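This is what each chain is made of:
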Amino acid sequence: MDPEIIAEFEQRTGITVKQSYFDSDTARDELLLKTEGKGFDVALINGASIRILAKRGWLERLDESSVPNLKHIDPRRRIEFEKAEDFGVPYFWGTIGIVYRRDLVPFAVSSWMDLLQPIEELHGKISMIGDSADMIGAALKALGYSLNSTNEDEMKDAEALLEAQAPAVNTYRYLSLNEDSALLNGQVVMSMMYNGDTRMLQEYNDNIAFVLPKEGGNIWTDYLSVLSASPRKAEAKRFINFLNEPEIAARLAQYVYYATPNLAAEALLPADFRNDPVIYPSGEALENSEAYRRLPPRAHKNRAAIFSRIVY
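Keep in mind that this is a model prediction, so the values were computed, not measured.

Caption draft 1: Structural context of the nonpolar core. Ranked by internal contacts, the top residues of the largest apolar core, which has 84 residues, are Trp112, Met128, Met190 and Leu243. Not counting chain neighbours up to four residues away, the residues in contact with Leu243 comprise Met1, Ile5, Tyr91, Leu224, Ile248, Ala249 and Leu252. Counting residues in each nonpolar core, the second largest holds 14 residues, with Leu32, Ile45, Trp58 and Phe87 among its members.

Caption draft 2: Up close: helix 12 (residues 246–256). Along helix 12, the residues classified as buried are Ile248, Ala249, Ala250, Leu252, Ala253 and Val256. Against the buried residues of helix 12 lie helix 1 (3–13), strand 2 (89–101), helix 10 (195–202), helix 11 (233–243), helix 13 (263–266) and helix 14 (271–274). One or two steps after helix 12, the chain reaches Tyr257, where phi turns positive at roughly 65°.

Caption draft 3: Representation of the layout of surface pockets. When its volume is computed, the second largest pocket comes out at roughly 1000 Å³. Along the walls of the second largest pocket sit 35 residues, with Asp29, Ala48, Ser49, Ile52 and His300 positioned nearest its centre. Residue assignment for the lining of the second largest pocket shows that the elements contributing at least two residues are helix 2 (25–35), helix 3 (47–55), helix 7 (132–142) and helix 15 (297–311). Tallying contributions element by element places helix 3 first for the lining of the second largest pocket, with seven residues. Its residues assigned to classes, the lining of the second largest pocket comprises 15 nonpolar, eight polar and 12 charged.

Caption draft 4: Up close: helix 3. Looking at helix 3, one finds that the buried residues are Gly47, Ser49, Ile50, Arg51, Leu53 and Ala54. Gly57 lies just past helix 3 and shows a positive phi near 85°.

Caption draft 5: Broad picture of unusual backbone geometry. For Lys83, which is not glycine, the phi dihedral falls at a positive 75°. Looking at where Lys83 falls in the secondary structure, it is placed in the loop between helix 4 (75–78) and helix 5 (84–87). For Tyr257, which is not glycine, the phi dihedral falls at a positive 65°. Residue position: Tyr257 is located in the loop between helix 12 and helix 13. By relative accessible area, Tyr257 is classed as buried at 19%.

Caption draft 6: Geometry of empty space enclosed by the protein. If you walk through the whole model with that rule in mind, you get two cavities of 30 Å³ or more. Counted as a void, the largest cavity has a volume near 60 Å³. If you trace the largest cavity, you find it lined by Pro90, Tyr91, Phe92, Leu243, Asn244, Ala249, Leu252, Thr260, Pro261 and Asn262. Per element, the largest residue contribution to the lining of the largest cavity is three residues, and it comes from strand 2. The residue makeup of the lining of the largest cavity, split by class, is seven nonpolar, three polar and no charged. One number sums up the size of the second largest cavity: a volume of about 50 Å³. Ile96, Trp112, Asp134, Gly137, Ala138, Lys141, Leu147, Met192, Gly217, Asn218 and Tyr292 are the residues that line the second largest cavity.

Caption draft 7: The arrangement of the pattern of salt bridges in detail. The tally for this structure, following the rule as stated, stands at 20 salt bridges. Across the pair Arg28 and Asp29 runs a salt bridge, and its minimum N-O distance is 2.8 Å. Judged by its relative accessible area of 25%, Asp29 is partly exposed. Residue Glu82 is joined to Arg51 by a salt bridge in which the shortest nitrogen-to-oxygen separation is 4.0 Å.

Caption draft 8: Spotlight on the packing of helix 7 against helix 8 (residues 152–165). One can describe the packing of helix 7 onto helix 8 by two numbers: an axis separation of 9 Å at closest approach and a directional angle of 105°. Classified by the angle their axes make, helix 7 and helix 8 are roughly perpendicular. Contacts between helix 7 and helix 8 pair Met135, Ile136, Ala139, Leu140 and Ala142 from the former with Glu154, Met155, Ala158, Leu161 and Leu162 from the latter. In terms of residue class, the contact of helix 7 with helix 8 is built from nine nonpolar, no polar and one charged.

What counts and what doesn't
Residues numbered from 1 in each chain as written. Predicted model: local features only at pLDDT ≥ 70, side-chain atom pairs only at ≥ 80, totals over all residues. Heavy atoms only, no water. Core = buried A, V, L, I, M, F, W, Y, C linked by side-chain atoms within 4.5 Å. Buried < 20%, exposed > 50% of the residue type's maximum accessible area, 1.4 Å probe, protein only. Contact = heavy atoms within 4.5 Å. Helix = DSSP H or I, 4+ residues; strand = E, 2+ residues; numbered from the N terminus. 1 Å grid on protein atoms, 1.4 Å probe; cavity = no way out; pocket = protein on both sides within 12 Å on 5 of 7 lines; lining within 4 Å. Points joined across faces, edges and corners; volume = space filled by probe spheres on them. Nonpolar A, V, L, I, M, F, W, Y, C, P; charged D, E, K, R; others polar. Salt bridge = Lys/Arg side-chain N within 4 Å of Asp/Glu carboxyl O. Axes fitted to C-alpha atoms, helices over the stretch in contact; angles between N-to-C directions. Parallel < 35°, antiparallel > 145°, perpendicular 65-115°, else oblique.

Spelled out as structure tokens, the structure:
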């Protein structure tokens, strides 16, 4: 979040914003579960989780009467996930791929297998996103399966691939995006990463590159939701509405390097930003990619068990 935008909101409204950070959707869910959704006013929710959290009764309904700037949002993004139209305001969308150091990796990365079956000299210098959906999804895509697979044999194949990779993994924590990043000091030379985050790291080093693997990956949309337990719902909705003022949303997109679902804001963005293939991947690049879809409870339990066996 752009600190100048936060400061502008606080100055304009007198409302103070306090932020809590998490490095994966799994970590966010653990944070919310500890308090049963209490203690927060606004939460950043990935599309696939909105239905689950809404079903728990943790999310407040949102519409144009409470968030008027919803009128600027691309209608397709609003209905992309179940219950998203009722309980979330699209924030940004993007992909997950591989970031790597061109000067420290002796080949051009093109496949998930480059990360999941790393050459020996890269052992101990790769990292993964410690999130069950993202990590298992990458393994499934590498093997030519759907990242939404519930097939037990395919899941076993994905687990075997991740288990074989594990000794080569430096960390399952998401890499920091500042000058202390492990990707900048060379501790890590290849990693899973969200597309726009690459642009932040490239501010420090031109040898950092991003690739959406040829097998495809996850197309995600994040949403801002108001927690139903919040005692400050009106202020929370005011904050979300402020972030969707076209000029504010355009500034925020350029700060975080992500594609905005706010069509009025998109029209204000410079051409080089809109035409950046990392931020706005082409249709061809996205051809083999998928969004996460609703999975049965048994499949969620199976994935959680696989994740636990690999990471812990």
